[in-house]
Amino acid sequence: MPNSLSLKSLIRLQRRQFTVGQKRTALVGPVILVAYIWVIEFLLIFLLREKAESLPSLFVSAFFVGILVMDFMCKVILVRDHSVMDPFLKTRPVSQKQWNRFLAVSQLWSLNNLIVPAAVFPLCLLLVRFPLGLAVWVAFYLLSVLGGFLVMLMKRRGRYAPEKVVSTTARRA
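Residues numbered from 1 in each chain as written. Predicted model: local features only at pLDDT ≥ 70, side-chain atom pairs only at ≥ 80, totals over all residues. Heavy atoms only, no water.

Asks: Tell me about the overall build of the protein chain, and please be specific about residues and values.
Replies: On a plain count of helices and strands, the protein chain comes out with eight helices and zero strands. Traced from its N-terminal end to its C-terminal end, the protein chain shows the element sequence α-α-α-α-α-α-α-α. Across the 173 residues in the protein chain, those meeting the buried criterion constitute 27%. Taking contacts inside the protein chain between residues at least 6 apart in sequence as the whole, the part at least 24 apart equals 81%. Looking at the protein chain as shown, the accessible area adds up to about 12700 Å², and 68% of this sits on carbon and sulfur atoms. (Helix = DSSP H or I, 4+ residues; strand = E, 2+ residues; numbered from the N terminus. Buried < 20%, exposed > 50% of the residue type's maximum accessible area, 1.4 Å probe, protein only. Contact = heavy atoms within 4.5 Å. Areas by Shrake-Rupley, 256 points an atom, 1.4 Å probe, with all protein chains shown as cover.)

What follows is the structure in structure tokens.
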């Protein structure tokens, strides 16, 4: 399609929908949740100050892997499928290839993929030395985005896929 919307236009439309539309209220819940988790983390680290510094690295690694598994399972259960094109965009010439590319890129800033990395940010910086903690946090974010992308693909192609419209003009012979 020569006059199709570009990826940049799709991203701009999503940003406009977030800033102008009613999706801003969807940000309040995750911010409160992350702040609550941060308070609990800081209290636990403050109360267990001596023990937090002497934790074995295997325990910390297993803890982070457990959080990643929990994050993935919560996404499988709780995240709704947003991979179907909006009716407004269906009236515009957007190719399926361009739409798939947009869905893949939009996983980078999806709220579902940002909540858990934001929540464990203090743990990464306080339980692990700074350069390694920052690397662990970046890896955590990338694995969370990968998990969100996999959940999106599962729900698109799995049993959650929308039914195909049956043409009424096709007749059985």
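Asks: Can you explain a positive patch on the surface? Please cite residues and give values.
Replies: There is a patch of like positive charges on the surface, built from Lys8, Arg12, Arg15 and Arg16. On the secondary structure map, Arg16 appears in helix H1 (residues 7-20). You can call Arg16 exposed: its relative accessible area is 58%. (Patch = residues over 30% accessible without salt bridge, like charges linked within 9 Å, V, L, I, M, F, W, Y side chains within 5 Å. Salt bridge = Lys/Arg side-chain N within 4 Å of Asp/Glu carboxyl O. Lys, Arg positive; Asp, Glu negative; His and termini not counted. Charge placed at Lys NZ, Arg CZ, Asp CG, Glu CD.)

Asks: Describe in detail the pattern of salt bridges, supporting the description with residues and values.
Replies: Going through the model one piece at a time under the given rule, you end up with one salt bridge. A salt bridge links Asp71 to Lys75, with the nearest nitrogen and oxygen atoms 3.2 Å apart. One end of the pair, Asp71, and the other, Lys75, are both in helix H4 (residues 57-78), four residues apart, so they sit about a helical turn from each other. Overall, Asp71 belongs to the buried group, its relative accessible area being 5%.

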